[in-house]
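These are the residues of each chain, in order.
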Amino acid sequence: QVQLVESGGGLVQAGGSLRLSCAASGIIFSINAMGWYRQAPGKQRELVAAITSGGSTNYADSVKGRFTISRDNAKNTVYLQMNSLKPEDTAVYYCAAEIELNDYWGQGTQVTVSS
């Protein structure tokens, strides 16, 4: 059974940094796209950043220049480096991955940015 396990969330002051990690485990032959979504209270879940198996990336306009997504294919792991954090970045962050044509989600990790 494939699982995605996130880590790295927490509480940080505005202007600070956090690094999220998400590791996929189970019987996995190939992972296509991986990405990070977030959902703030009362808002819809939105895409933050995504990366293909070849390394192509795309970002939400609100995080461009501040967040960087990367992946380690050998470890089936995706990362999200978040710099210059703002209070509006506060949300539950979810990892997602397309693994052999199926979509999987992590359990979510809370990121709170205080002003």
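Report follows, based on the coordinates.

What counts and what doesn't
Residues numbered from 1 in each chain as written. Predicted model: local features only at pLDDT ≥ 70, side-chain atom pairs only at ≥ 80, totals over all residues. Heavy atoms only, no water. Phe/Tyr/Trp six-rings, centres within 6.5 Å; stacked < 30°, edge-to-face > 60°. Lys NZ or Arg CZ within 6 Å of the ring centre and 35° of its normal. Pairing = 2+ DSSP bridges. Helix = DSSP H or I, 4+ residues; strand = E, 2+ residues; numbered from the N terminus. Axes fitted to C-alpha atoms, helices over the stretch in contact; angles between N-to-C directions. Disulfide = S-S within 2.5 Å. Buried < 20%, exposed > 50% of the residue type's maximum accessible area, 1.4 Å probe, protein only.

### Quick word on the packing of aromatic side chains
No. 1: Under the defined criterion, the tally for this structure stands at one aromatic pair.
No. 2: Across the ring face of Tyr94, the terminal group of Arg45 is positioned such that the distance to the ring centre comes to 3.8 Å.
No. 3: Positioned above the aromatic ring of Trp105, the side-chain terminus of Arg45 is 4.8 Å from the ring centre.

### Here's the deal with the sheet that holds strand 7 (residues 67–72)
No. 1: Strand order in the open sheet formed by four strands is 1-3-8-7, and the pairing between neighbours is antiparallel. The sheet is open, and its two borders are formed by strand 1 (3–7) and strand 7, each paired with just one other strand. Strand after strand, the sheet turns through a mean of 15 degrees between neighbouring axes, direction not considered.
No. 2: Strand direction decides the pairing type here: strand 1 and strand 3 (residues 18–25), joined by five bridges, are antiparallel. By the bridge assignment, Gln3 is partnered in strand 3 with Ser25.

### Section: the state of the cysteines
Note on terminology: a disulfide is the covalent bond linking the sulfur atoms of two cysteines.
No. 1: Following the criterion strictly, the structure yields one disulfide and no others.
No. 2: Bridging Cys22 to Cys95, the disulfide has an S-S length of 2.1 Å. Note on the Cys22 and Cys95 pair: the S-S dihedral is about -75 degrees, so by sign convention the disulfide is left-handed. Of the two residues, Cys22 sits in strand 3 while Cys95 sits in strand 9 (residues 91–99), which places them 73 residues apart along the sequence. The pair Cys22 / Cys95 is uniform in exposure class, with both members buried.

Function-wise, these values are silent; they only describe arrangement.
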